[in-house]
Amino acid sequence: MVDHRPALDETHDPARRSWVAWAQAPGTDFPIQNLPFGVFSRDGGEKRGGIAIGDQVLDLAAALAAGLFEGEARDAAQAASGPSLNPLLALGRGASRALRRRVSAILAEGSADQAKAAAYLVPMDRVTLHLPITVGNFTDFMASRFHTARMGAKRDPANPLPPAFLHLPIAYHSRATTVRVSGEAVARPHGQSLAPDGTPRFGPIQALDFELEFGAVIGAANRMGEPIPIARAADSIFGYCLLNDWSARDVQRFEMMPLGPFLSKSLSTTVSPWLVTAEALAPFAAPAFARLEGDAEPLPYLMAAADQAAGGLDVALDCWMTTPRMRAEGATPARIVATSLRHLHWTFAQMVAHHTSNGCDLRTGDLLGSGTVSGPEPDGRACLAEVVVEEGGLTLPNGERRSFLEDGDEVWFTGRAARDGFVPIGFGECRARIDPARPFPTA
Ligand code: CA
């Protein structure tokens, strides 16, 4: 039998330890097997590329200037030194893989470069993390069958999936300009929706929701008119992040027929600050979602043996929440969603292959959202709208009720890839607090 799993190398070795002590801390997101890329600044200084290791950030520009890199790794470090990682992404996966192998060697126990490299580590709690890429375009898919079915059940309980869902990964073009990094507050937007009596109203939106999603970032671009075949589609993805596709459900209900959501989705999108590379996730490859008996087989342009065998990702995703009252009472944050990327009906390679199948070009830094990563169980409902549809709202551990988010509520996502025989890796946080609506300008 052909082994379709992505190639593993010494950077995935579970026995490899780092001389950065915190990289071995139980539960850390950033052991030496992860090495995600981000952009940081310190004391208001310039933005620059870095790699997370334990509770530290390796300053790539400083390490480069000190002569720690050569060859392809040097080119990659140069490209990753500036205020955006797009130049690194544009080099393709080979360059970032070379840099990953070199950084892994530098940070490993017993490295001859330890003393030199230690000078270029910055404590993570002393830096500001920024949006790591310049997002060109942002396409949001709807790849979970469970999310799609719950949202469609009200419209047609017998046929909750839209006609195309089982045949292609459905999506819409969302807004790149409002993508923000974790930690930046989301001000409640204004919008137009229907009041209960059926008349249009405009004001602060009332049904603010989160959507727990996973984001894929495009590395090497394709030229317009040149589709990326499914067999090569996974190679076009540089890495992944957590993504919150904030949604104004009251606005969405009114505006979306027939062209789809518009202002209900462009209000803000929050992403986690670290790009976890496709290489780091190689040990956590999983089979694609198994179609149910009676489901149509997708057309050949969406099907490849390797993608079906190992195009999925085994990543557990959680959503956590606090309310102002919970924080005042010193309550433990509530985990309100526990789901897994295994529930996505479509792989990211299928999304890329479909997206480019009409000749559409994807550019370096384009962002693809998975859609709400909901699972079959009640705790897998990965947005509030699904809970509202089924139960009218969410009850928090302290008895507080929420149909949708209120001002002061804080929501964050975490993710973890784990598999026997490998060191688990995480994604950092994708977090934002809801601020009250600002006054709407009248002049
Ligand atoms: Ca979405």
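Everything quoted here is computed from the prediction, not taken from an experiment.

The next point concerns the pattern of salt bridges. According to the stated counting rule, one finds 31 salt bridges in the structure shown. Ionic pairing is found between Asp59 and Arg48, a salt bridge with its closest N-O pair at 3.1 Å. Of the two residues, Asp59 is situated in strand 3 (residues 56-59) and Arg48 in strand 2 (residues 48-53); the sequence distance between them amounts to eleven residues. The two residues Asp59 and Arg48 agree in class, both being buried. Here Glu211 ties to Lys265 by a salt bridge, and the two come within 3.0 Å at their closest N and O atoms.

Turning next to the coordination of the calcium ion. Bound to the calcium ion are the protein donor atoms Asp140 (OD), Glu211 (OE), Glu213 (OE) and Asp245 (OD), situated 2.2 to 2.3 Å from the metal. A residue is classified by how much of its surface remains accessible, and Glu211, at 4% relative accessible area, is buried. The exposure class assigned to Asp245 is buried, which follows from its relative accessible area of 0%.

Summed over all chains, the structure comprises ten aromatic pairs. Summarising the aromatic geometry, the rings of Phe37 and Phe238 are spaced 5.9 Å apart at their centres and angled 55 degrees between planes, so their arrangement reads as tilted. One end of the pair, Phe37, is in strand 1 (residues 37-41); the other, Phe238, is in strand 14 (residues 237-245), with 201 residues separating them in the sequence. When sorted by exposure, Phe37 lands in the same class as Phe238, which is buried. With a centroid separation of 5.4 Å and an interplanar angle of 20 degrees, the aromatic rings of Phe214 and Tyr240 are classed as stacked. Taken together, the positions of Phe214 in strand 13 (residues 212-218) and Tyr240 in strand 14 put the pair 26 residues apart, joining distant regions of the chain. For the pair Phe214 and Tyr240, a shared accessibility class is recorded, and that class is buried. When the ring centre of Trp412 is taken as reference, the NZ or CZ atom of Arg431 above it lies at 4.0 Å.

Below, the discussion takes up helix 6 (residues 145-153). Along helix 6, the positions that sit buried rather than exposed are Arg145, His147, Thr148, Arg150 and Gly152. In this fold, the buried residues of helix 6 make contact with helix 12 (384-391). Two or three places before Phe146, at the opening of helix 6, Ser144 has a side-chain oxygen 3.2 Å from that residue's backbone nitrogen.

The side chains of a regular strand alternate, first on one face of the sheet and then on the other. Most of strand 21 (residues 334-340) sits out of view: five of its seven residues are buried. For strand 20 (residues 315-322) and strand 21, the ladder comprises six bridges, and the chain directions are antiparallel. Bridging from a neighbouring strand, Cys319 pairs with Val337 of strand 21.

This next bit is on the pairing of strand 6 (residues 138-141). Neither face of strand 6 is open: one carries Phe138 and Asp140, the other Thr139 and Phe141, and all of them are buried. Both strand 6 and strand 7 (residues 171-174) contribute to a ladder of four bridges, which runs antiparallel. Considered in strand 7, the bridge of Thr139 is made with His173.

With respect to the secondary-structure elements, Asp245 resides in strand 14. A distance of 3.3 Å separates polar atoms of two side chains, one belonging to Asp245 and the other to Lys265. Ignoring sequence-local partners within four residues, the contact set of Asp245 consists of Asp140, Tyr172, Phe210, Glu211, Glu213, Lys265 and Thr269.

Below, the discussion takes up the domain arrangement of the protein. Partitioning the protein into structural domains gives domain 1 (10-130) and domain 2 (138-435). One C-alpha centre belongs to domain 1, the other to domain 2; they are set 28 Å apart. Tallying the contact residues gives 29 residues for domain 1 and 31 residues for domain 2. Here domain 1 and domain 2 share an interface that buries about 2,300 Å² over both sides, 63% of which is from carbon and sulfur atoms. Considering only the side of domain 1, the residues that lose the most area to domain 2 are His12, Leu89 and Arg93, jointly responsible for 29% of the buried surface there. For the interface between domain 1 and domain 2, the tally reads three salt bridges. Among the salt bridges present, the one from Arg97 reaches Glu279, with a minimum N-O distance of 3.2 Å. For the side of domain 1 that touches domain 2, a count of residues per class yields 14 nonpolar, eleven polar and four charged.

Parameters and conventions
Residues numbered from 1 in each chain as written. Predicted model: local features only at pLDDT ≥ 70, side-chain atom pairs only at ≥ 80, totals over all residues. Heavy atoms only, no water. Salt bridge = Lys/Arg side-chain N within 4 Å of Asp/Glu carboxyl O. Helix = DSSP H or I, 4+ residues; strand = E, 2+ residues; numbered from the N terminus. Buried < 20%, exposed > 50% of the residue type's maximum accessible area, 1.4 Å probe, protein only. Donors = N, O, S within 2.8 Å, 3.2 Å for Na, K, Ca; no water. Phe/Tyr/Trp six-rings, centres within 6.5 Å; stacked < 30°, edge-to-face > 60°. Lys NZ or Arg CZ within 6 Å of the ring centre and 35° of its normal. Contact = heavy atoms within 4.5 Å. Polar contact = N/O pair within 3.5 Å; in protein donor to acceptor, adjacent residues only side chain to side chain. Pairing = 2+ DSSP bridges. Domains from an automatic or database assignment. Buried area = accessible area lost by both parts, 1.4 Å probe. Nonpolar A, V, L, I, M, F, W, Y, C, P; charged D, E, K, R; others polar.

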